[in-house]
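Listed below are the residues making up each chain.
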Amino acid sequence: MSSYYKRALVCFMCILIAMLVCSARVITVATDTKLSEAAVKQSTKSITVALSRGEIVDCNGRSLTSNGYTAATVVLPTDYASVHLSEMLKGKELTDSINKLRQGQSVTVWGKQPATKGSWHTFFVPIRYGSLTHVLGYTDSEGHGVSGLERYYDSLLYTDEKYSISYTADPRGRMLLGMEFTVNEPKPSGEITLTVDSDIQDVTEQAMLEVERGAAVVLEAKTGKIKAVCSRPNFDPENLAQYLNDANSPLINRAVYSYNVGSVFKPVIAAAAIENGLSDYRYSCTGSVTVGDVTFKCHKISGHGELGMKEAIAQSCNTYFYTLAEYLGAEKTLNTASVFRFGQELNCNGGLVSAKGSIPSLEKLNTLPAELSNFSIGQGDLMLSPIALSTLYCAIVNNGEYRLPYLVQKTQVDGKSQVFEPSLPTVAFKKSTADTLKEYLKNALENGTGSAAFSEGISAGGKTGTAQTGWRENGRRVLNGWFCGFFEGKITDYVIVIVKEDVKSGSADCAPIFKKITENLKSFGF
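Below: a short report on this structure. (Residues numbered from 1 in each chain as written. Predicted model: local features only at pLDDT ≥ 70, side-chain atom pairs only at ≥ 80, totals over all residues. Heavy atoms only, no water.)

## Structural notes on the overall build of the protein
Next up, step 1: If you tally the helices and strands in the protein, you get 18 helices and 25 strands.
Next up, step 2: Against the globule reference of 24 Å for 526 residues, the protein gives a C-alpha radius of gyration of 34 Å, more extended than a compact globule.
Next up, step 3: Principal-axis analysis of the C-alpha atoms places the extent of the protein at approximately 140 × 50 × 45 Å.
Next up, step 4: Residues counted as buried form 51% of the 526 residues belonging to the protein.
Next up, step 5: Residue pairs at least 24 apart in sequence account for 69% of intrachain contacts in the protein once pairs closer than 6 positions are excluded.
Next up, step 6: Accessible surface computed for the protein: about 25,200 Å², of which carbon and sulfur atoms make up 51%. (Helix = DSSP H or I, 4+ residues; strand = E, 2+ residues; numbered from the N terminus. Rg over C-alpha atoms; globule rule 2.2 N^0.38 Å. Buried < 20%, exposed > 50% of the residue type's maximum accessible area, 1.4 Å probe, protein only. Contact = heavy atoms within 4.5 Å. Areas by Shrake-Rupley, 256 points an atom, 1.4 Å probe, with all protein chains shown as cover.)

Pasting the structure below:
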């Protein structure tokens with residue numbers, strides 16, 4: 001064989017080997033699973049529409065974190081997508097959206113849905129918040145809880161799942177023709193069941209609509225279950241920035257915030273007196289009384305005349321309770337107050353903690369007679385929250401016993417449940433004492449300062465309060481108003497505590513709110 005043919009054969013063999021190597025490489029690339037998956041992954045686009053999160057429901061299983069739904073339509077970038085957009089948008093909004101499609105971007109339109117079929121999908125996303133905002137709290141942009149129940153149970157409620165849509169795109173980012181898109185509509189992860197009843201919550205919030213600053217709580221007297229919590233002013237968790245410098249401090253949950261108390265505290269002194277044999281104590285009110293070197297005045301300057309405990313509670317006579325506390329002494333008075341854990345934080349579970357407020361020391365009450373007088377009418381160093389005061393009125397309506405208020409009834413995640421039961425009862429005073437106080441508080445509605453809370457045909461009782469705050473505004477004293485009472489329902493009894501800031505009086509400002517709540521509770525069949 002000549003050298004020419006040898007060289008030709010060698011070249012041919014080299015070319016053949018090269019072709020075989022290339023063919024093998026092509027086959028490897030075509031059949032290599034990892035490379036194939038990587039190629040698909042690189043050409044897949046995923047659009048997140050909304051975050052998902054576990055649910056919070058009321059005691060009847062009604063959602064508190066899915067207050068309706070809003071439509072979110074995702075239009076994918078295809079040749080005919082502009083048709084879908086033109087059915088939902090107009091003007092500049094439509095023009096800008098079409099430009100986004102041309103650039104290979106999808107467009108999400110909220111609250112609308114096109115009529116024609118095509119490369120779009122509408123999600124129905126839960127509206128997270130409506131009522132009970134101060135208790136539920138809110139989340140950050142990553143979907144993690146920042147305050148309230150959202151924060152306390154973040155590990156239970158948080159999930160990586162999202163409302164999203166995925167599709168295969170060409171090099172320009174447009175959806176490939178003939179390919180299907182994939183939709184992910186996650187189910188909620190964990191679930192929290194509250195003691196709150198949505199109907200009672202709605203009734204309470206409606207009654208508090210005109211309150212600028214204040215709070216109201218409703219509890220089941222027998223169990224301590226919190227059935228409603230309302231703090232005013234409310235806030236929108238989706239627009240928090242606007243509240244940061246608000247003088248009314250809407251982010252504060254006033255239901256657990258401590259206030260000067262006033263005359264709603266007087267049943268503590270009455271209970272101490274009854275338990276210590278002074279139920280028949282009588283006193284003639286002349287409009288003022290001197291304790292040590294301090295003269296205290298009654299709110300009725302001309303005096304109430306002679307009265308017993310029933311009349312003193314009904315008329316909220318201050319001088320009666322000044323002198324009654326003197327007879328009792330500081331230790332017996334303070335001991336009765338301490339039974340209700342006044343001056344201590346109350347953990348209502350779920351991260352809801354009632355501020356401890358403040359209560360005077362026994363040393364101070366013994367050393368300064370005027371401090372005991374102030375204490376006897378709920379003034380001086382005494383500061384309590386609405387939830388803290390509820391324990392007193394629960395005991396009155398529940399045979400002298402109360403249970404700690406609590407908010408969370410059950411949690412559930414991954415098929416596992418944890419149920420929370422009422423605390424063991426604390427005996428505050430005898431049943432006979434509770435029965436007497438209940439009768440006196442009913443009389444206060446029918447014949448006393450609580451008359452604005454009275455409704456014919458409704459079995460209820462309560463006490464008004466008007467507390468000095470020590471603040472002045474434009475030369476006038478700023479007062480806080482209270483109404484604490486109970487409503488005897490068909491099946492169980494409820495305690496209702498209302499506080500309103502900067503009032504004329506508890507009788508004028510808070511008693512009518514109590515009346516609205518009790519009348520609506522009756523109309524709902526409670």
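Next comes the rest of the account.
## Examining helix H11 (residues 318-328)
Next up, step 1: In terms of residue burial, H11 counts as a mostly covered element, since nine of its 11 residues are buried.
Next up, step 2: One or two residues past the end of H11 sits Gly329, with phi positive at roughly 95°.

## Considering the sheet that holds strand E3 (residues 69-75)
Next up, step 1: Spatially, three strands are ordered E4-E3-E5 in an open sheet, and the strand pairing comes out antiparallel. Every other strand in the sheet has two partners, leaving strand E4 (107-110) and strand E5 (120-126) as the edge strands with one partner each. Sheet twist, expressed as the average angle between the axes of neighbouring strands with direction ignored, equals 25°.
Next up, step 2: Bridge count between E3 and E4: four bridges; the pairing is antiparallel. Note that in E4 the partner of Val74 across the bridge is Thr108. (Pairing = 2+ DSSP bridges. Axes fitted to C-alpha atoms, helices over the stretch in contact; angles between N-to-C directions.)

## Side note on the pairing of strand E23 (residues 460-473)
Next up, step 1: Of the pairings in the sheet, the one linking E23 to strand E24 (residues 476-488) comprises 11 bridges and is antiparallel in character. Paired with Gln468 across the strands is Leu479, a residue of E24.
Next up, step 2: Here E23 hands over to E24 after two residues, with Asn474 in that stretch at a positive phi of 55°.

## Some words on the sheet that holds strand E7 (residues 182-184)
Either a parallel or an antiparallel arrangement is found when strands of a sheet pair, and the pairing is made through backbone hydrogen bonds.
Next up, step 1: Read across the sheet, three strands follow the order E1-E6-E7 without closing on themselves; strand pairing throughout is antiparallel. The sheet is open, and its two borders are formed by strand E1 (44-53) and E7, each paired with just one other strand. Taken pair by pair, the neighbouring strands of this sheet meet at an average axis angle of 20°, ignoring direction.
Next up, step 2: Judged from the three bridges that link them, strand E6 (residues 158-168) and E7 form a sheet pairing that is antiparallel. Bridge pairing in E7 places Ser164 opposite Asn184.

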